[in-house]
Amino acid sequence: MRKKKILLLSVSAGAGHQRAAEAIRSAALLKDSQFDVLHLDAMEFVTAGFRKIYTDFYIKLVNKAPALWGYLYHASNEAQSDSTTEKLRRALERLNARSLLKAIEEFQADAIICTHFLPAEMLSREIRKQRLHCPVWVQVTDFDLHRMWVHEHMAGYFAASEEVADRMLENGIPAEKIHVTGIPIMPAFQQKLERASCAPEFGLQAERTTILLMGGGAGLGGLDQVAARLLSQQPDFQLIALAGKNAAALQALQTLALRYPDRLFPQGFTKQVERLMACSDLVITKPGGLTTSECLALGLPMIVNSPIPGQEERNADFLLEQGVALKAYDDISLAYRVKHLLNDTARLSAMRSRAKALGKPDAAARVLATVTADL
């Protein structure tokens, strides 16, 4: 019997959209006898100039001019679809979609899942023009819904929470097309991970209070300065600091670790985040949809900092409202909140329980099951 073909479409503007697609792909590979799965990054099929706008420009904007990005996020959320600006944007996207549409046609998918709004918007038009006939699904990757995610002719939408589902309803998506699954994370986060066995892998003491400081996939932020402040004020914990792919940040952390050889544990890019989280009591992180979903899956309280205006601010609001996170505004407030939480074990325990209750470690499998139910 022919395997069902599932196509995953993401965009490499930030790591979250690709990670969500990879999580669904990994869930499908666990059932490798049933599915033929292909994950495509739409940015691999567009011109260099278009890719620069969607990836390089986005990353520079959110780090160098976050207020401007916040303005653009909210302005585009309120823009009318028939405005001149929106028509020009869609025309530019169509000009850059030809190679991607050709790759989609060649794969002959039985179903398509988009983890970014750009391919969903492109395919909505193809369905309307009757040039695409397979169902297209949309996975929203934040605890918010921007208008650019909402398109006609989609088979269904996957929401991170009940509130996002409600926003989908308010945006005209029929209730029967809305599925509250959570945000897909890798199947590894469903494992029962023992702290006692994970800690020695990284030179950590399993019985010691441990904080995980995450700098994001690009290792953005002055991690060594943050780590130095925390270590100088609080003598009783060990600190894991993730620098991602930022070699300069990793080197600075390694230099700092010489002063704190048994307390600071720098890490570069790793595919073992779930094992590092299993060793941790508290996570300090930017509130990206994927990272915070991983923390929830493992029942980890968070202190969120430096949210990108727009989607990450909404993520932070959700986490604070749910009682699973505190928000730090600068290094001083971060150090204070760490000290406060470590001295309030009852609150930390309550945050841990609430996080575990909110976590959806099986989101990817639930998405896959819904998409393939009628294939």
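Conventions adopted
- For every chain, the first residue of the written sequence is number 1, and numbering continues from 1 onward in sequence order.
- The predicted origin of the model limits local features to residues at a pLDDT of at least 70 and limits the giving and counting of side-chain atom pairs to 80 or more, whereas totals for whole chains, interfaces and linings rest on all residues.
- Side-chain measures were taken over the full set of non-hydrogen atoms in the model, leaving aside hydrogen atoms and water.
- Patch definition: residues above 30% relative accessible area lacking any salt bridge, with like charges linked at up to 9 Å and the nonpolar side chains Val, Leu, Ile, Met, Phe, Trp and Tyr linked at up to 5 Å.
- Only the protein chains shown count as cover for residues, and all accessible areas are computed by the Shrake-Rupley method using a 1.4 Å probe.
- We define a salt bridge as a contact between a side-chain nitrogen of Lys or Arg and a carboxyl oxygen of Asp or Glu at a distance within 4 Å.
- We count Lys and Arg on the positive side and Asp and Glu on the negative side, and we leave His and both chain ends out.
- We put the charge of a Lys on NZ, of an Arg on CZ, of an Asp on CG and of a Glu on CD.
- Only DSSP runs of H or I reaching four residues or more are called helices, and only runs of E reaching two or more are called strands; each is numbered from the N terminus.
- Exposure categories follow from relative accessible area, calculated using a 1.4 Å probe and restricted to protein chains: below 20% of the type maximum is buried, above 50% is exposed, and the middle band is partly exposed.
- When we speak of the arc, we mean the arc of directions from the helix axis to the C-beta atoms.
- Every residue pair with non-hydrogen atoms within 4.5 Å of one another is taken to be in contact.
- Should DSSP find at least two bridges between two strands, the strands are regarded as paired.
- An axis is simply a line fitted to the C-alpha atoms; with a helix, the fit covers only the stretch in contact. Between two such axes, the angle follows the N-to-C directions and lies from 0 to 180 degrees.
- Here, nonpolar core refers to any group of buried Ala, Val, Leu, Ile, Met, Phe, Trp, Tyr and Cys residues whose side-chain atoms link them within 4.5 Å.
- If an angle is under 35 degrees, it is roughly parallel; if it is over 145, roughly antiparallel; if it lies from 65 to 115, roughly perpendicular; otherwise it is oblique.
- Crossings are sorted by hand: turned counterclockwise from the far helix by less than a right angle, the near helix makes the crossing left-handed, and turned clockwise it makes it right-handed.
- The residue classification treats Ala, Val, Leu, Ile, Met, Phe, Trp, Tyr, Cys and Pro as nonpolar and Asp, Glu, Lys and Arg as charged. All others, Gly included, are polar.

(A) Inspection of a negative patch on the surface at higher detail. A grouping of E162, E163, D166, E170, E313, D317 and E321 is seen on the molecular surface, where their side chains present a negatively charged patch. Contributions of two or more residues to the negative patch are made by α7 (162-170) and α13 (311-321). Looking at which element gives the most residues to the negative patch, the answer is α7, with 4 residues. Take E162: it is sitting in helix α7. E162 gets classed as exposed once you look at its relative accessible area, which sits at 59%.

(B) Local environment of helix α10 (residues 247-257). Looking at α10, one finds that the buried residues are A249, L250, L253, L256 and A257. Down the axis of α10, the buried set is contained in an arc of 120 degrees. They therefore lie on one face. Away from its buried face by more than 90 degrees, α10 exposes A247, A248 and Q251. Contacts made by the buried residues of α10 are with α9 (223-233), β8 (238-242) and β9 (264-267).

(C) Summary view of a nonpolar patch on the surface. Judged by side-chain polarity, L68, Y71 and L72 come together as a nonpolar surface patch covering roughly 310 Å² of accessible area. The residue L72 is located in helix α3 (residues 66-78) in this model. Taking the relative accessible area as the measure of exposure, L72 reaches 35% and is therefore partly exposed.

(D) Layout of the pairing of strand β12 (residues 325-328). Here 4 bridges tie strand β11 (residues 302-305) to β12, and the two strands are oriented parallel to one another. Bridge pairing in β12 links N305 to A328.

(E) Main features of the sheet that holds strand β7 (residues 210-214). Strand order in the open sheet formed by 6 strands is β9-β8-β7-β10-β11-β12, with parallel pairing between adjacent strands. Because the sheet does not close on itself, it has two edges, and the strands there are β9 and β12. The sheet shows a mean angle of 20 degrees between the axes of neighbouring strands, direction not considered. In terms of strand pairing, β7 meets strand β10 (residues 282-285) through 3 bridges, oriented parallel. Across the sheet, residue L212 finds its bridge partner in β10, namely V283. In this fold helix α12 (residues 289-297) packs onto β7, β10 and β11, with an angle of close to 170 degrees to the strand it touches most, β11.

(F) Just the pattern of salt bridges, in detail. With the rule as written, the count across this model stands at 8 salt bridges. Residue R131 is joined to E126 by a salt bridge in which the shortest nitrogen-to-oxygen separation is 3.0 Å. For E126, a relative accessible area of 11% corresponds to the buried category. Where R167 meets D144, a salt bridge forms, and the shortest distance between an N and an O atom there is 4.0 Å. With R167 in helix α7 and D144 in the loop between β4 (136-139) and β5 (156-159), the pair connects residues that are 23 residues apart, well separated along the chain. R167 gets classed as partly exposed once you look at its relative accessible area, which sits at 34%.

(G) Seen up close, the nonpolar core. Ranked by size, the top nonpolar core spans 40 residues in total, and within it L9, I112 and M168 carry the most contacts. Contributing elements (two or more residues each) for this core: β1 (4-10), α5 (98-107), β3 (111-114), α6 (117-128), β4, β5 and α7. Top element by residues in this core is α6. It accounts for 6 residues. Setting aside residues up to four positions removed in sequence, L9 forms contacts with L40, L100, I104, I112, I113, C114, T115, H116, P119 and L123. Counting 36 residues, the second-largest nonpolar core is a separate cluster that includes A199, L276, A325 and L358.

(H) Representation of the environment of I308 within the structure. Within the fold, I308 resides in the loop between β11 and α13. Residues I308 and A297, spaced 11 residues apart in sequence, show a C-alpha to C-alpha distance of 22 Å.

(I) How the structure looks around the packing of α9 against helix α14 (residues 331-342). Orientation of α9 relative to α14, taken along the N-to-C sense of each, is 40 degrees, at an axis distance of 10 Å. Classified by the angle their axes make, α9 and α14 are oblique. You can see that α9 and α14 cross each other, and the crossing is right-handed. Facing V226, R229, L230 and Q233 of α9, the residues of α14 in contact are D331, I332, L334, A335 and V338. Residue composition of the contact of α9 with α14, grouped by class: 6 nonpolar, 1 polar and 2 charged.

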